[in-house]
Amino acid sequence: MSDTPGRLLRLLSLLQQRTDWSGPELADRLGITTRTVRRDIDRLRGLGYPVDAGPGVTGGYRMGTGAALPPLLLDDDEATAIAIALGTAAGGALQGVEEPTLAALTKLDRLLPPHLRARAEAVRATTLPLGGADPVAANVLVTVARAAADHERLRIAYVDREGRRTERRIDPYRLVSTGRRWYLVALDVDRGDWRTFRADRVTSVTATGHRFHLDEPPDAVDLVSRASGVSPYRYAAQVVVHASPEHVAAKVPPTVGVVEPHPDGSLLTVGADDLAFLAGHLVALDLPFEALEPPELRHLLRRTGKRLVAAHAVADRGRRPPAAPSGP
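Residues numbered from 1 in each chain as written. Predicted model: local features only at pLDDT ≥ 70, side-chain atom pairs only at ≥ 80, totals over all residues. Heavy atoms only, no water.

Undergrad: Tell me about the side chain of D171, residues and numbers included.
TA: For D171, the position within the fold is in strand β4 (residues 165-177). Among the polar contacts made by the side chain of D171, one reaches the side chain of R153 at a distance of 2.7 Å. Excluding anything up to four places from it in sequence, D171 contacts R153, A186, L187, V189, F212 and L214. (Helix = DSSP H or I, 4+ residues; strand = E, 2+ residues; numbered from the N terminus. Polar contact = N/O pair within 3.5 Å; in protein donor to acceptor, adjacent residues only side chain to side chain. Contact = heavy atoms within 4.5 Å.)

Here it is, written out as structure tokens:
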């Protein structure tokens, strides 16, 4: 192998395949001398690859641990496996690693040849998650992330919560994960306004090739916090919680509800599709509160409260100890 760059790539691939190699083994695999192996090892070290040399006449070598992660060489099966894992994690909104997972998937997707991309998509398309986050197609996240980074306009097909299908032209700005689902923050070109879109409701996405420039984009996290707390749901509730905003915010994540100061403590705005779930969430805060809106929530809380008080009053009477006998 007289081509030095090609030989270095081959040497790097061999070092990443197994833990230890002797100098003669590497020389034999590469068709070079052990002296050339030593020189090539020094070249890899100069490029930032931490290669450790073992003691002994044969001069064993192994990949070490460096201060930073150098580029990796992957074969077809390894690249496919990583793409599948990243796509599953990103599509399922794995809490805590959402953004780096999507960033890694976007980088890998740029480099995958078509046949490997098809293999990864085939596995993801036939894999079903059980519970957890709302599933999102990995190709939707990757296409949106690329377009946002490249300032490229997109055309999307979107289904709203009422099941209505619309075509939108958008200038994508940010992807925001709440831990359960992904939201796309974008400028709706035809409506001339900033919108949030649930990524799991995007049925198709197409890059248009048109470039755009955004002037004074909004705070994406704040926009999603307000939208995800109320707008996607059937019921929007306003509740006065008799506790400080800091105390309430510690119990209510910004993606669940919006907490604002109120003369009596905090004003919590939160949404849900089911009133019973909403009532249970408020009770679980374990803080005194008063529901202002909607009236249906107030009626439900009043009825439920009366039933609970009545049931526990009967239970308490049944647990009272018998009265002590009177008289001598």
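Don't stop here, the text continues.
Undergrad: So what about helix α3 (residues 34-46)? Which residues, and what values?
TA: The end-to-end C-alpha distance of α3 is 19 Å, a good match for the 18 Å that 13 residues give at a rise of 1.5 Å each. Among the residues of α3, T36, V37, D40, I41 and L44 are the ones counted as buried. One side of α3 holds all its buried residues, which, seen down the axis, span an arc of 145°. Set apart from the buried face of α3 by more than 90 degrees, the exposed residues are R35 and G46. Positive phi appears at G48, one or two residues downstream of α3, with a value of about 105°. (Expected span 1.5 Å × (residues − 1). Buried < 20%, exposed > 50% of the residue type's maximum accessible area, 1.4 Å probe, protein only. Arc of directions from axis to C-beta.)

Undergrad: How would you explain the sheet that holds strand β9 (residues 257-262) if you had to name every residue and give the values?
TA: Ordered by their spatial adjacency, 4 strands build an open sheet running β9-β10-β8-β11, and the pairing between neighbours is antiparallel. Each edge of the sheet is formed by a strand with only one pairing partner; in this case those strands are β9 and β11 (289-293). Ignoring strand direction, the axes of neighbouring strands in this sheet form an average angle of 25°. (Pairing = 2+ DSSP bridges. Axes fitted to C-alpha atoms, helices over the stretch in contact; angles between N-to-C directions.)

Undergrad: Which residues make up the sheet that holds strand β6 (residues 193-198), and what values do they have?
TA: Strand order in the open sheet formed by 5 strands is β6-β5-β4-β3-β7, with antiparallel pairing between adjacent strands. Edge strands, defined here as strands with exactly one partner in the open sheet, are β6 and β7 (202-211). Neighbour-to-neighbour, the strand axes of this sheet turn through a mean angle of 45°, independent of strand direction. Both β4 and strand β5 (residues 182-188) contribute to a ladder of 7 bridges, which runs antiparallel.

Undergrad: A description of the pairing of β9 should follow, citing residues and the corresponding values.
TA: One ladder, built from 6 bridges, connects β9 with strand β10 (residues 265-272); its direction is antiparallel. Residue H262 lies in a different strand from β10, and its bridge partner there is G265. The antiparallel pairing of β9 with β10 creates a hairpin that spans 2 residues between the two strands.

Any functional reading would require information beyond the geometric quantities listed.
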